[in-house]
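Close look at the chain arrangement
Take a look at the letters that make up each chain.
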Amino acid sequence: MTAVGTTAPRRGVPATRRVLAQARFEALGLLRHGEQLLVSVALPVLALVGLSLVSSPQLAVGRWSDAARIDVLAPGVLALTVLSTAFTGQAILLGFERRWGVLRLLGTTPLGRGGLLLAKATAVLVVLTLQLLLLGVVAGVLGWRPDVAGLLPAVVAVVLGALALVSLAACLGGALRAEAVLALANLVWVLLAGFGGTLLPAAALPGGSLLSLLPTAALGDALRDAFVLGAWNGRALLLLAVWGLLAGLLARRLLRWSD
Amino acid sequence: MSEGAPRPDAVELRDLTRSFGATTALRGLTLAARHGEVTCVLGPNGAGKTTAVEIAVGLQRPDAGQVRVLGRRPYGAGADHRDRVGVMLQDGGLPQAVTPRALLPHLARLYSTPVDVAELAGRLGIPAFERTTVRRLSGGQRQRVALAAALVGSPEVVFLDEPTAGLDPHARREVHVLLREVAAGGTATVVTTHSFEEAERLADRVAVVVDGRVAAAGSVDEVCAGAGAAGLEEAYFALTDGVSL
């Protein structure tokens, strides 16, 4: 066999190339994962179409009360998609990859553990971009007319929200048994989809001021302010950054590389 | 076997101890492996073989003792070190939703001097099931993919934790031929196994691990002579019988 056992001095593959190769591999894996696509694409599309066809619950509340229903609904569906991909999908994947030993094996390759985490974050952002574009097109067909001035604040909100939710996923998926992660991550998805300030703004829910502190509510509010008002929501973005920081620190303590 | 000027051992584990709560896995284990040789590590379940391998590949840190692999401490070593080391874990560690056809070329891209993936896969009979996802492969097929994953980076040291477990006789024979070739190319090849036949066929040196220590090490003949045994199986039982685990 060729090359095995060569002892000439080696210069490793540049870190960027390794991380990008792994990010591409992870992104393709996410896009080919049927059950994951159900949660991260099919359910948000169903929510978008379903809630656009009915008039209740009331979505256009508070500072968005003058907006069309679809203009308030679409940013909430985008927030739900970020929750699905960055939190639920990643927590479950992480739980099972620990079970299968994938994290340990990749940790022994030149990619390493740090490279693996960076590649996963990159893959999530790439897949999210595709999902959000698809949902944006569907929402556009349904009459969504976002404020173009909100594009940059929306991108910032999605990046901060994704990082916060991926870090929370690492806390859950990196600490518990795979079966427990599967059950809890789905339960959390249902609760946050219903009462986490994504589809329904926190302001429209009982205890809204408390719920608005959730990362999902902050993401939803930031996206609604961006696309409905063309405005930056500094409080929501700061909340997302704080959630990301705290969850990241917690994940460093909780994340175990094997089941 | 290597020739010319003597080189330092590729793997040097000295006086390693490692405990998990009340359980002591290693109690002063000392083990070495040389370039160009196959070193087979034998021992009962729970003797500490896998813990020693995981320390050598940097997945665990010993409580005490010294570890050097290619002259480096493996725990926390950089990508350039991992580029030179191949690993096959006992639990495989393969992603379940991908095919060998996608996985092996991807892994090869992470290494600076990958082997010819098609040739390696062909040697291991992987093309017959290369379009099947890992989760649908049999245990033996997964073993072959995991072995290919360990060798794909053209390692200078390779650690193989029970590489032939679950393989049929033909596949085992081919793996033995392949590992002899890998070692002949200069790679220090460390194989844990429960098979005496495998150790006798493959090993330049064997180490028998008992209760967290190396009870005997050397060539098969040396280990047998030391235990006053006619063969490796007899030597193994002489060394391991009566040891509580």
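What you are looking at is a predicted structure, and each value in this text was computed from that prediction instead of being measured.

For chain B, the count of helices and strands is 9 helices and 9 strands. Relative to the globule expectation of 18 Å for 245 residues, the C-alpha radius of gyration of chain B, 18 Å, shows essentially globular dimensions. Principal-axis analysis of the C-alpha atoms places the extent of chain B at approximately 50 × 45 × 40 Å. The buried share of chain B, taken over its 245 residues, is 56%.

Moving on: the overall build of chain A. Summing up its helical and strand segments, chain A has 10 helices and 0 strands in all. Going from N to C terminus, chain A has its helices and strands arranged as α-α-α-α-α-α-α-α-α-α. For a compact globule of 259 residues, the expected C-alpha radius of gyration is about 18 Å, and chain A comes in at 19 Å, within 12% of that figure. Burial statistics for chain A: of 259 residues in total, 53% are counted as buried. About 11,200 Å² of surface is accessible on chain A, with carbon and sulfur atoms providing 70% of the total. Charged side chains of chain A number 20 positive and 10 negative; the gap between the two group centres comes to 14 Å.

Time to look at the sheet that holds strand 4 (residues 64-69) of chain B. All names here are of chain B. Overall, antiparallel pairing links the 3 strands, which are arranged 2-1-4 in an open sheet. At either end of the open sheet lies a strand with only one pairing partner, and these are strand 2 (23-33) and strand 4. Pairwise comparison of adjacent strand axes, ignoring direction, gives a mean angle of 25 degrees for this sheet. Pairing of strand 1 (residues 11-20) with strand 4 involves 5 bridges; the strand directions are antiparallel. Paired with Leu-13 across the bridge in strand 4 is Val-67.

As a further point, take helix 9 (residues 215-229) of chain A. All names here are of chain A. Taking 1.5 Å as the rise per residue, helix 9 with 15 residues should run 21 Å; its terminal C-alpha atoms sit 20 Å apart, in good agreement. Extensive coverage of helix 9 is indicated by the burial of 14 of its 15 residues. Of the residues trailing helix 9, Gly-230 is marked for its positive phi of about 65 degrees.

Attention now moves to the packing of aromatic side chains. Summed over all chains, the structure comprises 5 aromatic pairs over all chains. Measuring from centroid to centroid gives 4.9 Å for Phe-196 of chain B and Tyr-236 of chain B, while their planes differ by 65 degrees, and the two rings are edge-to-face. Placement of the pair is Phe-196 of chain B in helix 7 (residues 196-202) and Tyr-236 of chain B in helix 9 (residues 232-240), with a sequence separation of 40 residues. Accessibility assignment for this pair places Phe-196 of chain B and Tyr-236 of chain B in one class, buried. Both rings, one in Tyr-236 of chain B and one in Phe-237 of chain B, keep their centres 5.4 Å apart while their planes meet at 80 degrees; by these two values the pair is edge-to-face. By relative accessible area, Tyr-236 of chain B is classed as buried at 9%. Every member of this aromatic cluster is reached through a ring pair, and the members are Phe-196, Tyr-236 and Phe-237 of chain B. Cation over ring: Arg-224 of chain A sits above Trp-64 of chain A, and NZ or CZ is 5.2 Å from the ring centre.

According to the stated counting rule, one finds 16 salt bridges over all chains in the structure shown. With a closest N to O distance of 2.8 Å, Asp-225 of chain A and Arg-63 of chain A form a salt bridge. With a gap of 162 residues between them, Asp-225 of chain A in helix 9 and Arg-63 of chain A in the loop between helix 2 (34-53) and helix 3 (69-100) connect regions that are remote in the sequence. Here Asp-225 of chain A falls in the buried class, since its relative accessible area comes to 4%. Note that Asp-63 of chain B is salt-bridged to Arg-18 of chain B, the shortest N-O span being 3.4 Å. Taken together, the positions of Asp-63 of chain B in the loop between helix 1 (49-56) and strand 4 and Arg-18 of chain B in strand 1 put the pair 45 residues apart, joining distant regions of the chain. Asp-63 of chain B gets classed as partly exposed once you look at its relative accessible area, which sits at 47%. One network of salt bridges, with partners in common, ties together Glu-26, Glu-97 and Lys-120 of chain A.

Here we take up the nonpolar core. Of all hydrophobic cores here, the largest spans 98 residues; its most connected members are Val-11, Leu-13, Phe-159 and Leu-232 of chain B. The element that contributes the greatest number of residues to this core is helix 5 (residues 139-151) of chain B, accounting for 7 residues. Beyond its immediate stretch of four places on either side in the chain, Val-11 of chain B contacts Leu-31, Ala-32, Ala-33, Arg-68, Val-69, Val-157, Phe-159 and Val-190 of chain B. Membership of the second largest hydrophobic core comes to 56 residues, among which are Ile-70, Ile-92, Leu-132 and Leu-165 of chain A.

Criteria and cut-off values
- Residues numbered from 1 in each chain as written.
- Chains lettered and ligands numbered in written order.
- Predicted model: local features only at pLDDT ≥ 70, side-chain atom pairs only at ≥ 80, totals over all residues.
- Heavy atoms only, no water.
- Helix = DSSP H or I, 4+ residues; strand = E, 2+ residues; numbered from the N terminus.
- Rg over C-alpha atoms; globule rule 2.2 N^0.38 Å.
- Buried < 20%, exposed > 50% of the residue type's maximum accessible area, 1.4 Å probe, protein only.
- Areas by Shrake-Rupley, 256 points an atom, 1.4 Å probe, with all protein chains shown as cover.
- Lys, Arg positive; Asp, Glu negative; His and termini not counted.
- Charge placed at Lys NZ, Arg CZ, Asp CG, Glu CD.
- Pairing = 2+ DSSP bridges.
- Axes fitted to C-alpha atoms, helices over the stretch in contact; angles between N-to-C directions.
- Expected span 1.5 Å × (residues − 1).
- Phe/Tyr/Trp six-rings, centres within 6.5 Å; stacked < 30°, edge-to-face > 60°.
- Lys NZ or Arg CZ within 6 Å of the ring centre and 35° of its normal.
- Salt bridge = Lys/Arg side-chain N within 4 Å of Asp/Glu carboxyl O.
- Core = buried A, V, L, I, M, F, W, Y, C linked by side-chain atoms within 4.5 Å.
- Contact = heavy atoms within 4.5 Å.

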